[in-house]
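So the chains spell out like this:
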Amino acid sequence: EAKRRGRSQCQAFSQEMAQRVARHHELEQALETAIDRNQFWLAYQPQYDVATGKVVALEALLRWQHPVWGSVGPDQFIPIAESSGLIVPIGAWVMRRACEEIGQVRAVLGEPELRIAINVSPHQLIHEDFLASLNDTLRECEADPRLIELEITETSLMDSVEDVLPILTQLRERGVSIAIDDFGTGFSSLSYLIRFPVQRLKIDRVFINEIEQADSQATVVSAIIAMAHKLGLEVLAEGVETERQHHWLQRQKCDQAQGFLLGRPMSCADLIDSLQIQRNLRLN
Ligand code: C2E
Ligand code: MG
Ligand code: MG
Ligand code: MG
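These numbers were taken from a predicted model, which means no experiment stands behind them.

Turning our eyes to something else, we now look at the packing of aromatic side chains. In this description, an aromatic ring pair is defined by two values, namely the gap between the centres and the angle between the planes. The final tally for this structure, using the stated rule, is 6 aromatic pairs. Taking the centre distance of 6.2 Å and the plane angle of 85 degrees together, the rings of Trp64 and Trp69 count as edge-to-face. With 5.5 Å between their ring centres and 80 degrees between their planes, Trp64 and Phe77 make a pair best called edge-to-face. Of this pair, Trp64 sits in strand E2 (residues 55–66) while Phe77 sits in helix H2 (residues 74–84), and the two are 13 residues apart along the sequence. The class of Trp64 is buried, set by a relative accessible area of 0%. Given a relative accessible area of 0%, Phe77 falls into the buried group. Members of the aromatic cluster, connected to one another through ring pairs, are Phe40, Trp64, Trp69, Phe77 and Trp93. Here the guanidinium or amino end of Arg23 rests over the ring plane of Trp69, the centre of that ring lying 4.7 Å away. In this structure, Arg264 packs its charged tip against the face of Phe260, placed 4.0 Å from the ring centre.

See the structure below:
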């Protein structure tokens, strides 16, 4: 009996595996044509200065609208884009579209200093054409590199430190700033991270989530903020969802905040509308 059950579990398992492989393959094939078929668009989420309440940057978040599957989340397709190498053309597309659209937003809102934050994966950074392709985009969009921030997750940075470090250094020399995304989940130490040319830590939302429930988490977050400041880094809190979290971050002198409380990711046009409404409310 045990043996029979073992065998059927094994069959169920390999069936599930086969399904997963097929799904992966299907997604990968669809990704290959997604750029040409205009299935990608960028959502933008504002990043606010905690002390002044001003929008200081927009983070570009990639969206894939498939004609049959509907909207496919980046957590599902980015890993596939990375393993297949498609992240290189997709990442270049993101860079260009983000630079074009932020230019429009700056012009419409009269905010020439608004930063654009773009997520990048190490596969993209270490590709031999990355810097040349970035330079082309900057030139063609007349974009100021000092208003571009690249976000790289703590874990992906740790996985490829040696290859990525020289690229980060060159980016820094161009004036591009670097933020460590999802900070706190990768168990690296701040003393290690400051060896990198990094300007900002984005504290992962799991920590921000718990500051109201767990005193120990609040202590960890306030210690990170204090230490980062002593090391000359700025700190952004991700995933701010409640007023109480926001007030707490204000008291801790956190530099920037981002989250559903302050603004959800939106299309460029919706974001322009929403920022104009906010501004009018403030003026009245
Ligand atoms: P991320 O860069 O850490 O982006 C933050 C994610 O949290 C986004 O999910 C955003 O929609 C979500 N979020 C923002 N505020 C809140 C909040 O208050 N509560 C909650 N629960 N969630 C919030 P999204 O758009 O699904 O992106 C997931 C991840 O996919 C991103 O995490 C980023 O690592 C990756 N990604 C997105 N676009 C790109 C891209 O163009 N290139 C690369 N390489 N990765 C990307
Ligand atoms: Mg990010
Ligand atoms: Mg993050
Ligand atoms: Mg993330």
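A separate point is the side chain of Arg200. With respect to the secondary-structure elements, Arg200 resides in strand E7 (residues 200–203). Among the polar contacts made by the side chain of Arg200, one reaches the side chain of Glu149 at a distance of 2.8 Å. Not counting residues within four places of it along the chain, the set of residues in contact with Arg200 comprises Arg115, Glu149, Ile178, Ala179, Ile180, Leu233, Glu234, Val235, Leu236 and Gln256.

Another aspect to go through is the site of ligand 1. The full set close to ligand 1 counts 23 residues, and Arg63, Asn119, Asp181, Glu241 and Phe260 are the nearest of them. The set of elements that each furnish at least two residues to the shell around ligand 1 consists of E2, H2 and strand E6 (177–183). Among the elements that take part in the shell around ligand 1, E2 stands out by supplying 4 residues, more than any other. Class assignment of the residues belonging to the shell around ligand 1 gives a composition of 9 nonpolar, 5 polar and 9 charged.

Grouped together as the largest cluster of nonpolar side chains are 79 residues, with contacts concentrated most on Leu125, Leu150 and Leu171. When residues of this core are assigned to their parent elements, the largest contribution, 10 residues, is made by helix H3 (residues 87–109). Leu150 has contacts with Met95, Ile118, Val120, Leu125, Phe130, Leu171, Val176, Ser177, Ile178 and Ala179, leaving out every residue within four places of it along the chain.

Moving on, we get to helix H7 (residues 161–174). Helix length check: H7 (14 residues) gives 20 Å between terminal C-alpha atoms against 20 Å at 1.5 Å per residue, within 8%. Along H7, the positions that sit buried rather than exposed are Val161, Val164, Ile167, Leu168 and Leu171. Axial view of H7: buried residues confined to an arc of 135 degrees, hence all on one face. Residues Glu162 and Glu173 are exposed on H7 and point more than 90 degrees away from its buried face. On its buried side, H7 packs onto helix H4 (122–125), helix H5 (130–140), strand E5 (148–153), helix H6 (154–159), E6 and helix H8 (190–193). Backbone geometry just after H7 places Gly175 at a positive phi near 105 degrees.

Turning our attention to the packing of H3 against helix H12 (residues 268–283). The interhelical angle for the contact between H3 and H12, taken along N-to-C directions, is 25 degrees, at an axis separation of 11 Å. As the angle between them shows, H3 and H12 are arranged roughly parallel. Handedness of the crossing formed by H3 with H12: right-handed. On H12, the residues that touch Glu101, Gln104, Val105, Val108 and Leu109 of H3 are Cys268, Ile272, Leu275, Gln276 and Arg279.

The next point concerns a nonpolar patch on the surface. On the surface, a nonpolar cluster with roughly 250 Å² of combined accessible area is contributed by Ile194, Met227 and Leu231. Among the structural elements, Met227 can be located in helix H10 (residues 215–230). Take Met227: its relative accessible area is 46%, and that puts it in the partly exposed class.

Rules behind the numbers
- Residues numbered from 1 in each chain as written.
- Chains lettered and ligands numbered in written order.
- Predicted model: local features only at pLDDT ≥ 70, side-chain atom pairs only at ≥ 80, totals over all residues.
- Heavy atoms only, no water.
- Phe/Tyr/Trp six-rings, centres within 6.5 Å; stacked < 30°, edge-to-face > 60°.
- Helix = DSSP H or I, 4+ residues; strand = E, 2+ residues; numbered from the N terminus.
- Buried < 20%, exposed > 50% of the residue type's maximum accessible area, 1.4 Å probe, protein only.
- Lys NZ or Arg CZ within 6 Å of the ring centre and 35° of its normal.
- Polar contact = N/O pair within 3.5 Å; in protein donor to acceptor, adjacent residues only side chain to side chain.
- Contact = heavy atoms within 4.5 Å.
- Near = heavy atom within 4 Å.
- Nonpolar A, V, L, I, M, F, W, Y, C, P; charged D, E, K, R; others polar.
- Core = buried A, V, L, I, M, F, W, Y, C linked by side-chain atoms within 4.5 Å.
- Expected span 1.5 Å × (residues − 1).
- Arc of directions from axis to C-beta.
- Axes fitted to C-alpha atoms, helices over the stretch in contact; angles between N-to-C directions.
- Parallel < 35°, antiparallel > 145°, perpendicular 65-115°, else oblique.
- Left-handed = near helix turned anticlockwise from the far one by under 90°.
- Patch = residues over 30% accessible without salt bridge, like charges linked within 9 Å, V, L, I, M, F, W, Y side chains within 5 Å.
- Areas by Shrake-Rupley, 256 points an atom, 1.4 Å probe, with all protein chains shown as cover.
- Salt bridge = Lys/Arg side-chain N within 4 Å of Asp/Glu carboxyl O.

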